[in-house]
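Read off the chains here:
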2 protein chains.
Amino acid sequence: MSVRLDQVDRKILSELQEDASQSLDEIAKKVGSSKTPVWNRIRKLRDAGVIGAQTVRLDPEALGFDACFFVLIRTSAHEKEWQDKFLTAVRERPEVQEAHRLAGDIDYILKVRVENARAYDKFYQALISEVRVHNVTALLSMEEIKSTTALPL
Amino acid sequence: MSVRLDQVDRKILSELQEDASQSLDEIAKKVGSSKTPVWNRIRKLRDAGVIGAQTVRLDPEALGFDACFFVLIRTSAHEKEWQDKFLTAVRERPEVQEAHRLAGDIDYILKVRVENARAYDKFYQALISEVRVHNVTALLSMEEIKSTTALPL
DNA sequence: GCTGAAACTAAACACTT
DNA sequence: AAGTGTTTAGTTTCAGC
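For every chain, the first residue of the written sequence is number 1, and numbering continues from 1 along that sequence. The order in which chains are written sets their letters, starting at A; the order in which ligands are written sets their numbers, starting at 1. Per-residue local features are limited, in this predicted model, to residues with pLDDT of at least 70; the limit for side-chain atom pairs, both in listing and counting, is 80 or more; totals at the level of whole chains, interfaces and linings are taken over all residues. As a rule here, side-chain values cover all heavy atoms of the structure and leave hydrogens and water aside.

The name given to chain A in an unreviewed UniProt entry is ArsR family transcriptional regulator, with the source organism recorded as Donghicola eburneus.

Below is the structure:
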């Protein structure tokens with residue numbers, strides 16, 4: 001499932017991740033090609049799974065999501081059963097925007113977006129009642145300096 | 001610039017953040033309305049800045065971005081001048097996908113997406129040569145359990 | 001594998017109720 | 001504030017080069 005990408009493919013991806021509402025004509029012009037070949041490349045990239053879902057970025061604060069926490073989790077339970085339960089829990093909870101299993105002494109990191117500190121506490125209480133964790137540190141974001149999903153192509 | 005949103009607005013936003021490639025007709029049907037009113041609402045939400053850029057999600061691994069680090073930064077320099085320099089640095093570096101200023105003893109957290117460990121080291125060396133930091137801890141992601149930008153509307 | 005055009009589909013906005 | 005209709009624009013496919 002390896003995909004060979006040339007410079008034109010990369011330029012197309014770069015344009016799409018910057019602004020996916022552009023028309024084929026616009027993209028074609030920017031990458032120095034024309035409609036049909038660009039369309040064929042996009043279709044190929046979509047089929048290969050390189051291009052995923054198309055989304056819009058929403059303003060969290062305008063929608064009342066004023067609190068963002070990074071949660072560092074240490075666990076003493078490293079069995080498969082515990083892990084499956086934990087994975088399911090974080091995947092199901094919509095306030096968890098990111099979850100990564102880490103190397104090193106911290107086992108997991110979560111990014112949690114909620115309305116306020118109270119809502120975070122509710123989330124936290126619900127989580128620890130579902131799965132046992134050894135140690136939890138919550139880092140509260142005071143300011144979002146940068147936030148993008150764009151890859152540095 | 002406050003925005004009052006009713007349930008229909010929220011449903012529209014929810015649909016858009018899930019799949020922005022849907023046609024107006026599809027969205028209208030799902031939210032129990034029709035084209036024109038939905039279009040007017042979307043336009044209003046865009047003008048208000050609630051709806052931001054339209055993007056595509058790209059598969060990091062398919063594009064050779066195999067390493068993801070969360071970087072915890074402590075600084076002893078809390079002057080405005082240092083901060084400006086730091087903010088500029090992280091905003092300019094495309095490998096930094098997220099940057100937050102934190103409350104507590106860790107001052108900043110970054111999410112850094114790079115090709116491999118070597119590329120991270122290059123980034124790290126470049127960063128500390130630009131701005132002085134007191135203490136840096138890099139957490140290496142072994143597995144992306146979940147990654148979304150969707151807000152839990 | 002590109003160009004250009006045809007056929008189709010949706011977006012945008014004015015006008016009507 | 002919602003529905004209808006028209007204009008314009010964009011997508012998708014395909015024939016010809």
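Next, the rest of the story.
Caption draft 1: Up close: the packing of aromatic side chains. Residues and elements named next belong to chain A. Between the rings of Phe, Tyr and Trp (Trp by its six-membered ring), a pair exists once the centres lie within 6.5 Å; its type follows the angle of the planes, with under 30 degrees stacked, over 60 edge-to-face, and the other angles tilted. Overall, the coordinates contain 12 aromatic pairs over all chains when judged by the stated rule. Consider the rings of W82 and Y108, whose centres lie 6.0 Å apart with planes at 45°: the pair is tilted. Of this pair, W82 sits in helix α4 (residues 80–92) while Y108 is found in strand β4 (residues 108–114), placing the two residues 26 residues apart along the sequence. Centroid distance Y120 to Y124: 6.2 Å. Interplanar angle 25°. Geometry classified as stacked. Placement of both Y120 and Y124 in helix α5 (residues 117–130) is noted, with a separation of 4 residues, approximately one turn of the helix. Going along the chain from the N terminus, every DSSP run of H or I of four or more residues is numbered as a helix, and every run of E of two or more is numbered as a strand.

Caption draft 2: Quick peek at the protein's contact with DNA strand D. Here a residue is considered near a molecule or strand provided that any single heavy atom belonging to it is located within 4 Å of it. Near DNA strand D you find A:Q22, A:S23, A:L24, A:K35, A:T36, A:W39, A:R43, B:S34, B:T36 and B:P37, and these make up its full shell. Between N or O atoms, a polar contact is any pair within 3.5 Å; within protein, one atom must be a potential hydrogen donor and the other a potential acceptor, and residues adjacent in sequence are included only when both atoms are from side chains. Within the contact set of DNA strand D, a base oxygen lies 2.9 Å away from a side-chain nitrogen or oxygen of B:T36. Within the residue set of the surface near DNA strand D, elements represented by two or more residues are α3 (35–47) of chain A together with α3 (35–47) of chain B. The dominant element in the surface near DNA strand D, judged by the number of residues it contributes, is α3(A), at 4 residues. Gly falls in the polar group here, along with every residue not listed as nonpolar (Ala, Val, Leu, Ile, Met, Phe, Trp, Tyr, Cys, Pro) or charged (Asp, Glu, Lys, Arg). Class assignment for the residues of the surface near DNA strand D results in 3 nonpolar, 5 polar and 2 charged.

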